[in-house]
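Architecture at a glance
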There are 2 protein chains.
Amino acid sequence: MKKINARATGVSRFAYDGLDRVIHERARLSLLTSLITHPTGLMFGDLKQLCALTDGNLSRHLQVLEEAKLVVIVKGLKLNRPQTLCRITSLGRRRFIEYLAVLEQVILDADAAVKAGAGTPAKGGQNPARA
Amino acid sequence: MKKINARATGVSRFAYDGLDRVIHERARLSLLTSLITHPTGLMFGDLKQLCALTDGNLSRHLQVLEEAKLVVIVKGLKLNRPQTLCRITSLGRRRFIEYLAVLEQVILDADAAVKAGAGTPAKGGQNPARA
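Residues numbered from 1 in each chain as written. Chains lettered and ligands numbered in written order. Predicted model: local features only at pLDDT ≥ 70, side-chain atom pairs only at ≥ 80, totals over all residues.

In this section: the overall build of chain A. Scanning chain A from terminus to terminus reveals six helices and three strands. Put simply, chain A runs from its N terminus to its C terminus through helices and strands in the order α-α-α-β-α-α-β-β-α. In chain A, buried positions account for 38% of the 131 residues. Intrachain contacts of chain A at a sequence separation of at least 6 include 55% that bridge at least 24 residues. (Helix = DSSP H or I, 4+ residues; strand = E, 2+ residues; numbered from the N terminus. Buried ≥ 20, exposed ≤ 12 C-beta atoms within 10 Å, placed from the backbone. Contact = placed C-beta atoms within 7 Å.)

Residue and element names in this part refer to chain A. If you walk across this open sheet you meet the three strands as β1-β3-β2, and the pairing is antiparallel. A strand with exactly one partner marks an edge of an open sheet, and here the two such strands are β1 (42-43) and β2 (71-78). The sheet contact formed by β1 and strand β3 (residues 81-88) spans two bridges and is antiparallel. Across the sheet, residue Met-43 finds its bridge partner in β3, namely Leu-85. Strands in contact with helix α3 (residues 26-37) are β1, β2 and β3; relative to β3, the strand with the most contacts, it is inclined by about 90 degrees. (Pairing = 2+ DSSP bridges. Axes fitted to C-alpha atoms, helices over the stretch in contact; angles between N-to-C directions.)

On to the pairing of β3 of chain A. Residue and element names in this part refer to chain A. With eight bridges connecting them, β2 and β3 associate as antiparallel partners. Bridge pairing in β3 links Lys-75 to Thr-84. Connecting the antiparallel pair β2 and β3 is a turn made up of two residues, with Leu-79 showing a positive phi of about 50 degrees.

Here it is in structure tokens:
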């Protein structure tokens, strides 16, 4: 096994600090992708369907995003029926674009390894002393 | 606001079911990217540094990946000192590549919206009844 130089350089090459946990969680990533694709906003019911979330999960994740000021939630009435509109904010859009750049780096890093055919992965145990 | 046709088509367009939670968690995503990039394996200490994890976090996340059979962990001795080698398995490589394809779809979906200049995001509240 080739010794890597991580310790020598002190670089945490694959740490991906930019993968903000508020955004990275799967349901919230799904919500933000829906909302950036519909910048004028989406109704609660449509968002629920697009992201395949339950009412409870959708409410919970929207609350996290709202507290982080990444989305706004506006309650109103239409034909006397309650309506909830969700939209991505300017900050949400900016933060999500920054997050996507880090995600692209993950894919570039992994794809480079995959395309280099770097993979003759482990089939069974091997004593590291013999590596 | 334009009405979307999610309900009519029943399609959960942005659900991204393929974002397997075992892989998607940030530290584990970091670990798998490191390991697919080093298919002959990485020592515990190098992995810790590359991913900027503590001993405890690294052990915990490696255990999750090992239980899912995505990595193998081999303990041995080198010059009488204990050594722990971690490697991605064939299954781990396959599952990670599948995961990356879904991740690419997220980026494509979001980038399409960003590049279309689709974003005149919300600045303040707006009554959905007037949308």
